[in-house]
2 protein chains.
Amino acid sequence: MEVFAVPGLPEVEAGDDLASLVDERVRLRSDDVVVVASTVVSKAEGRRASLDDFAAGDRAEAIAARLERVTGESKDPRFAQAVIEESADLLMEAPFLLTRTRFGHTTVNAGIDRSNVPDADLLLLPEDPSASAEALHRDLGVPVVVTDTSGRPFRHGQRGVALGWAGMPASRDWRGERDRDGRELDVTVQSVVDELAAASNLVAGEGAGGTPVTVVRDWAFGDHAGSDELYRDLDGDFVQQALREWQYQDS
Amino acid sequence: MEVFAVPGLPEVEAGDDLASLVDERVRLRSDDVVVVASTVVSKAEGRRASLDDFAAGDRAEAIAARLERVTGESKDPRFAQAVIEESADLLMEAPFLLTRTRFGHTTVNAGIDRSNVPDADLLLLPEDPSASAEALHRDLGVPVVVTDTSGRPFRHGQRGVALGWAGMPASRDWRGERDRDGRELDVTVQSVVDELAAASNLVAGEGAGGTPVTVVRDWAFGDHAGSDELYRDLDGDFVQQALREWQYQDS
Ligand SMILES: Nc1nc2c(ncn2[C@@H]2O[C@H](COP(=O)(O)OP(=O)(O)O)[C@@H](O)[C@H]2O)c(=O)[nH]1
Ligand SMILES: Nc1nc2c(ncn2[C@@H]2O[C@H](COP(=O)(O)OP(=O)(O)O)[C@@H](O)[C@H]2O)c(=O)[nH]1
Ligand SMILES: [Mn+2]
Ligand SMILES: [Mn+2]
Ligand SMILES: [Mn+2]
Ligand SMILES: [Mn+2]
């Protein structure tokens, strides 16, 4: 398996045709996977926004005031409003805003970015990353994964994860397959789109590299069943339920 | 960046010298990273165990009985005892056993495997995966990451994660670095060992492939500060705190 960055991509602007930008710079093979940082998908889809676009309601005012008290840092109620509008559910309000986006991804601040965004205060995640991936997949003819860099419970730091995908299943479903000793496998569903996102992130980086798109070559999904379930909803996720019921004790 | 499996590794037995097994099969370059599935580290370190090794105490009996009631599946109290003994903390007892291992990793059932283990009921995780990585690093002369496949909140399925590492930092610390527009970065700590584990898992697979060791070639940590913090402890992790306080409602 090889992972390389598409070279020479320009600053992406609203309305840009990402597929063409990629297609002009790399000769794809039919078994490649193209992995795209959501940053540039958002830019192309016009998801830049300004804090002024968000009129803070009562809930946003209350959340920002509480976060300011708890963290000792100044918090803009308009930012809280943007997060609320991008979210289907708020799982925690303090000591940070943990939300589930409308498309199902659970992350801090609804994944709204403030870096790598010129001339705008905010960059919102794509509205429907799998639809974005589908459009790129149609134009490029190979599987596409749209990613973000995101934190997680239990472990410090952040890593690349998949937000959307098209042209391949999200996971290898190993159920029914056997291990080296003929026993049924413990691991049943391997989230390969997340693993592709992580692999790509090693090459794309987080900084000024200018490498938002990578190609994964000579990797095969293989002869496995597939599954397209990626996001757990509240009902099926005890961790989300616990977080929703838990209250941070402001000191 | 290239990721390939070390070919032709045998079934690993207690006492095997993993570094030699790798060294005989691949000519490593000085800037390679070697990624090793914990399964074979555990086997080499004699971490196979039998259910009979564990005498269930009262807590294990109670947990197994409750899990049996809640899941409708039969649960062995000796398995619960093994999980308890491998754990520093139990975060959830039902509807599944979520624990933090002695070395800091939070996962279901303390990461105890039942597949890919001949002639034994159980395979425990390495006692100290970073020490295991350190020993391999000393012998192989390149950075080493020891991995497992593990589930996570919010998302279905499992993916490769790092359990231990040596010869390189766990994370790229981007703090103080700038984005394309000269602004400070949102993403501060990129957990590259987890991303290497995920990339490797795409190639190693979960089944009968016989490919527990991969080599990551032509990838560079780069000119960044490093951090070795990977596991959050209870104090610094609100999700762990919430889970510890939460009670599953047995129906
Ligand atoms: N060429 C180019 N690179 C960009 C652009 N925006 C971000 N990048 C690069 O894309 C990579 C990922 O950026 P990041 O902000 O981490 O994206 P995210 O993970 O999707 O939030 C980095 O190498 C950035 O320098 C852009 O408009 N054009
Ligand atoms: N050659 C060899 N391969 C093994 C052995 N044990 C497991 N594997 C392979 O190692 C890979 C990872 O196995 P898995 O059980 O998922 O390991 P884990 O992720 O560390 O729990 C698969 O390709 C297995 O077939 C072994 O003793 N020898
Ligand atoms: Mn982002
Ligand atoms: Mn990123
Ligand atoms: Mn395992
Ligand atoms: Mn595995």
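Definitions and cut-offs
- Residues numbered from 1 in each chain as written.
- Chains lettered and ligands numbered in written order.
- Predicted model: local features only at pLDDT ≥ 70, side-chain atom pairs only at ≥ 80, totals over all residues.
- Heavy atoms only, no water.
- Helix = DSSP H or I, 4+ residues; strand = E, 2+ residues; numbered from the N terminus.
- Rg over C-alpha atoms; globule rule 2.2 N^0.38 Å.
- Buried < 20%, exposed > 50% of the residue type's maximum accessible area, 1.4 Å probe, protein only.
- Contact = heavy atoms within 4.5 Å.
- Lys, Arg positive; Asp, Glu negative; His and termini not counted.
- Charge placed at Lys NZ, Arg CZ, Asp CG, Glu CD.
- Axes fitted to C-alpha atoms, helices over the stretch in contact; angles between N-to-C directions.
- Parallel < 35°, antiparallel > 145°, perpendicular 65-115°, else oblique.
- Left-handed = near helix turned anticlockwise from the far one by under 90°.
- Nonpolar A, V, L, I, M, F, W, Y, C, P; charged D, E, K, R; others polar.
- Donors = N, O, S within 2.8 Å, 3.2 Å for Na, K, Ca; no water.
- Domains from an automatic or database assignment.
- Salt bridge = Lys/Arg side-chain N within 4 Å of Asp/Glu carboxyl O.
- Polar contact = N/O pair within 3.5 Å; in protein donor to acceptor, adjacent residues only side chain to side chain.
- Least-squares fit on C-alpha atoms with pLDDT ≥ 70 in both.

## Description of the overall build of chain A
On a plain count of helices and strands, chain A comes out with seven helices and 13 strands. Taken over the C-alpha trace, chain A has a radius of gyration of 19 Å; the compact-globule value for 251 residues is 18 Å, and the two agree within 12%. When the backbone C-alpha atoms are referred to their principal axes, chain A occupies close to 55 × 50 × 25 Å. Relative to its 251 residues, chain A shows a buried fraction of 58%. A fraction of 64% describes how many contacts in chain A between residues 6 or more apart in sequence connect residues 24 or more apart. Placing the 26 positive and 47 negative side-chain charges of chain A at their respective mean positions leaves the two points 4 Å apart.

## Here's the deal with the packing of helix α6 (residues 192-204) of chain A against helix α6 (residues 192-204) of chain B
Relative to each other, α6 of chain A and α6 of chain B sit at 125°, their axes nearing to 8 Å. Judged by the angle between their axes, α6 of chain A and α6 of chain B are oblique. Our pair here, α6 of chain A against α6 of chain B, has a crossing hand that is left-handed. The segment α6 of chain A lies against α6 of chain B, with V192, E195, L196, A198, A199, N201 and L202 of chain A engaging V192, E195, L196, A198, A199, N201 and L202 of chain B. Class assignment of the residues belonging to the contact of α6 of chain A with α6 of chain B gives a composition of 10 nonpolar, two polar and two charged.

## What to know about the coordination of the manganese ion (ligand 6)
Residues and elements named next belong to chain B. Surrounding the manganese ion (ligand 6) are the protein donor atoms T149 (OG1) and E206 (OE), which sit 2.1 Å from the metal. A gap of 5.3 Å separates the manganese ion (ligand 6) and the manganese ion (ligand 5). Of the two residues, T149 is situated in strand β8 (residues 144-151) and E206 in the loop between α6 and β12 (213-217); the sequence distance between them amounts to 57 residues. We classify T149 as buried; its relative accessible area is 12%. Given the relative accessible area of 9%, E206 is considered buried.

## Considering the coordination of the manganese ion (ligand 3)
Residue and element names in this part refer to chain A. Around the manganese ion (ligand 3), the protein contributes the donor atoms D113 (OD) and D148 (OD), which lie 2.1 to 2.5 Å from the metal centre. A separation of 5.2 Å is found between the manganese ion (ligand 3) and the manganese ion (ligand 4). With a gap of 35 residues between them, D113 in the loop between β6 (106-108) and β7 (122-123) and D148 in strand β8 (residues 144-151) connect regions that are remote in the sequence. Take D113 and D148: they sit in the same class, and that class is buried.

## Brief notes about the domain arrangement of chain A
Residue and element names in this part refer to chain A. Under the domain assignment, chain A is made up of domain 1 (1-47 + 127-233) and domain 2 (50-125). Relative to domain 2, the C-alpha centre of domain 1 lies at a distance of 26 Å. The interface is formed by 16 residues belonging to domain 1 together with 14 residues belonging to domain 2. The salt bridge involving E86 is made with R47; its shortest N-O contact spans 2.7 Å. If you look at where domain 1 meets domain 2, you find six residue pairs in polar contact (both at pLDDT 80 or more). Put simply, the parts of the chain that give the side of domain 1 that touches domain 2 at least two residues each are α2 (38-44), β8 and β9 (158-166). Ranked by residue count, the leading element in the side of domain 1 that touches domain 2 is α2, at four residues. Of the residues that constitute the side of domain 1 that touches domain 2, the class distribution is four nonpolar, five polar and seven charged.

## Some points on the relation of the copies chain A and chain B
The two copies are related by a screw operation: chain A maps onto chain B through 180° of rotation and 0.0 Å of translation along the axis, at an RMSD of 0.0 Å. In symmetry terms, the pair is related by a two-fold rotation axis. When the interface residues of chain A are mapped onto chain B, 100% of them again fall at the interface, so both copies present the same face.

## Some thoughts on the environment of L202 of chain A
Positionally, L202 of chain A belongs in helix α6. Taking the C-alpha atoms as reference points, L202 of chain A and V3 of chain A, separated by 199 residues in sequence, lie 9.1 Å from one another. Discounting chain neighbours no more than four positions away, the residues touching L202 of chain A are M1, R172, Q190, V192, E195, L196, A199 and W219 of chain B.

## Side note on unusual backbone geometry
Cis geometry is adopted by the peptide bond preceding P95 of chain A, which originates at A94 of chain A and carries an omega value of 5°. For A110 of chain A, which is not glycine, the phi dihedral falls at a positive 50°. Here A110 of chain A is to be found in the loop between β6 and β7. Among the residues examined, A110 of chain A registers a relative accessible area of 1% and is labelled buried. In this structure, N109 of chain B is a non-glycine residue whose phi angle is positive, near 55°. You can see N109 of chain B is positioned in the loop between β6 (106-108) and β7 (122-123). By relative accessible area, N109 of chain B is classed as partly exposed at 22%.

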